[in-house]
Amino acid sequence: MDSLTQIVLGAACGELVAGKKIGNRALLWGAIGGTIPDLDVLSNFFMEPLDALAFHRGPTHSLLFNILVPFLLAWLVSQLYRTSMIHQKWYKITAISLGSIFVLAISGFFNFILHFLLKEYSWPIIAIVIIGLVFWLTRLGKQFLNETGNEIPRMNYLFWYVLFLLSMVTHPLLDNFTTFGTQLFWPFSHHRFTLSNISIVDPIYTLPFLGTVIACSLLDRNSQRRKILNWAGLVWSSLYLCLTFINKNAVDKLFEKSLSAQKISVEKYLTTPMILNNALWYCIAKSNDLYYYGYYSLFDQQDTLIPLKVTVQNQFQWPIQPSEKNLQTLSWFSDNYYNIIPLQNDTIQFNDLRYGNFKFSYDNKNDYGFHFKLLSQGNGNYKMLNDSPRPNITDEDLNNYWSRILGKIQNQ
């Protein structure tokens, strides 16, 4: 899921393991642990775009990595607290800087949601959020800087290991619930596991959880309310994930019923929630060289997806050659839910069909939300281009999107 959600989950895990022992330090170290797997995005600076795309949610998201690395982190942090380093000013400034990054992440998350909902930034709301977060960070910062240094966290190696293990290993497990795919068993398998039961950004999951973590940070570590709040956030997030599985099961059965009613035999199918909610679902099934797809909202009055729309896998029947690395990688990345459209000047557009779009159809090449452009190099080889702009989402698209979520617009 998004980085903020992973920070919040990691912080809650840190609090669960060591909140009573080391207070807000448990939140901080848990948040750091929850962020570490996503450091693979740094590959964008030294890898080709397609290689970086394939690397993301690979090695650093494997169970092996997230079980072994905590051994090293636990040793480093335990050594850190055995020295006087933690009382030095540069260390405290670094810690506060990390808190500032957390504040920026929260602000960015709100900006994204507001921009998506309103199609423009609501500056008064953003200002209130930023002021509140700065006040929260300032309060914690002053407390941290004014510590006398008499108290050094006393926590043995095992506790540190469990803290980092729990905050890190939950990251790929949560990512596994989204559609993107996670290489949980790398390097033994490059299969991208996905359950596709929750959107990569879901404010209903994240915002209450964020609220409990922030509230915990403002309470004394020995406070019973702090423990209750942290558990409330963990229970809420877990119950919501259970609800998403219930929703997915219902949509799966409805999609199977719709395919059967239209006598469509398929090789495989995928159902996944659209972004920012768990009510509107995108359904796609593959049958030979055709895809059948549709959208269903839990608020729809109908109980089938009829008629299903159709798009072809490869409009010009160009087979992907085994020697063509880039197209093979994209085919693997998209779990073979893709089609290819020829463009001008020996260029093709590879479209990942797993996510749906705001037009609710694939009438032209600009409707595909997640696509890549590749230039022919001759001999059946293609080079990925950086020119892959995302579709322009209009006010009408957003209005239709929210209406479709609420079931006001039925499947067309």
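Scroll up to find the structure.
Residues numbered from 1 in each chain as written. Predicted model: local features only at pLDDT ≥ 70, side-chain atom pairs only at ≥ 80, totals over all residues. Heavy atoms only, no water.

Undergrad: Looking at this structure, I do not really get the overall build of the protein. What am I missing?
TA: Looking only at helices and strands, the protein features eleven helices and eight strands. Taking all 412 residues of the protein together, 51% fall into the buried category. Look at the contacts in the protein between residues 6 or more apart in sequence, and 64% of them connect residues 24 or more apart. When the accessible surface of the protein is summed, it comes to about 20,000 Å², and 63% of that surface belongs to carbon and sulfur atoms. (Helix = DSSP H or I, 4+ residues; strand = E, 2+ residues; numbered from the N terminus. Buried < 20%, exposed > 50% of the residue type's maximum accessible area, 1.4 Å probe, protein only. Contact = heavy atoms within 4.5 Å. Areas by Shrake-Rupley, 256 points an atom, 1.4 Å probe, with all protein chains shown as cover.)

Undergrad: Just to check I follow, could you spell out the sheet that holds strand β4 (residues 309–312) for this structure?
TA: Each strand in a sheet pairs with its neighbour through backbone hydrogen bonds, running either in the same direction (parallel) or in the opposite one (antiparallel). What the four strands build is an open sheet, ordered β1-β2-β3-β4; its pairing is antiparallel. Edge positions in the sheet fall to β1 (268–273) and β4, since each of these pairs with one other strand and no more. The mean inter-strand angle of the sheet, taken between neighbouring strand axes irrespective of direction, is 25°. As judged from the four bridges shared by strand β3 (residues 290–297) and β4, these two strands associate in the antiparallel manner. Of the residues in β4, the one forming a bridge with Tyr293 is Lys309. (Pairing = 2+ DSSP bridges. Axes fitted to C-alpha atoms, helices over the stretch in contact; angles between N-to-C directions.)

Undergrad: Can you help me understand the packing of helix α1 (residues 3–22) against helix α9 (residues 224–261) in this one?
TA: Two measures define how a pair of helices packs: the angle their axes make with one another and the distance between the axes. With their axes 10 Å apart at the nearest point, α1 and α9 run at an angle of 135° to one another. Taken together, the axes of α1 and α9 are oblique relative to one another. As α1 packs across α9, the resulting crossing turns out to be left-handed. Residues Ala12, Glu15 and Leu16 of α1 form the contact with α9, whose participating residues are Arg226, Asn230, Trp231 and Leu234. Grouping the amino acids of the contact of α1 with α9 by side-chain chemistry returns four nonpolar, one polar and two charged. (Parallel < 35°, antiparallel > 145°, perpendicular 65-115°, else oblique. Left-handed = near helix turned anticlockwise from the far one by under 90°. Nonpolar A, V, L, I, M, F, W, Y, C, P; charged D, E, K, R; others polar.)

Undergrad: Would you mind showing me how to read the sheet that holds strand β8 (residues 381–384) here?
TA: Within the open sheet, the four strands sit side by side as β5-β6-β7-β8. Their pairing is antiparallel. Strands at the two margins of the open sheet, each flanked by one partner only, are β5 (338–342) and β8. Geometrically, the sheet is characterised by an average inter-axis angle of 35° between neighbouring strands, direction not taken into account. Relative to β8, strand β7 (residues 371–378) runs antiparallel, the two being bridged by four bridges. Across the sheet, the residue bridging to Ser376 is Tyr382, located in β8.

Undergrad: Would you take a moment to explain the pattern of salt bridges for this structure?
TA: Side-chain pairs of opposite charge can arise whenever the charged atoms involved come near each other. Across all of its chains, the model carries eight salt bridges by this definition. Among the ionic pairs, Lys359 bridges to Asp397, the shortest N-O distance being 3.0 Å. Remark: Asp397 occurs in helix α11 (residues 395–405) and Lys359 occurs in the loop between β6 (347–352) and β7; sequence separation between them is 38 residues. Lys359 gets classed as partly exposed once you look at its relative accessible area, which sits at 38%. (Salt bridge = Lys/Arg side-chain N within 4 Å of Asp/Glu carboxyl O.)

Undergrad: Which parts of the structure should I look at to understand the nonpolar core?
TA: Nonpolar side chains tend toward joint burial in soluble globular proteins. Counting residues in each nonpolar core, the largest one holds 21 residues, and the members touching the most others are Val8, Leu174, Ile198, Tyr205, Phe209, Val213 and Leu241. If you list the elements that add at least two residues to this core, you get α1, α2 (24–35), α8 (203–217) and α9. Counting residues per element, this core draws most heavily on α1, at seven residues. Setting aside chain neighbours within four positions, we find Ile198 in contact with Met1, Phe177, Thr178, Tyr205, Tyr240, Leu241, Thr244, Pro273 and Asn278. (Core = buried A, V, L, I, M, F, W, Y, C linked by side-chain atoms within 4.5 Å.)

Undergrad: Help me understand the packing of aromatic side chains, please; the structure alone is not making it clear to me.
TA: The geometry of an aromatic ring pair is captured by two quantities: the separation of the ring centres and the angle between the planes. A full pass over the atoms with the stated rule returns 24 aromatic pairs. Geometrically, the ring pair formed by Trp236 and Tyr240 is stacked, given 6.0 Å between the ring centres and 25° between the ring planes. Taken as a pair, Trp236 and Tyr240 lie in helix α9 at a separation of four residues, close to a single helical turn. Note on Trp236: relative accessible area 34%, which makes it partly exposed. A relative accessible area of 6% places Tyr240 in the buried class. Through a chain of ring-to-ring contacts, the aromatic side chains of Phe180, Phe333, Tyr355, Phe370 and Phe372 assemble into a single cluster. (Phe/Tyr/Trp six-rings, centres within 6.5 Å; stacked < 30°, edge-to-face > 60°.)

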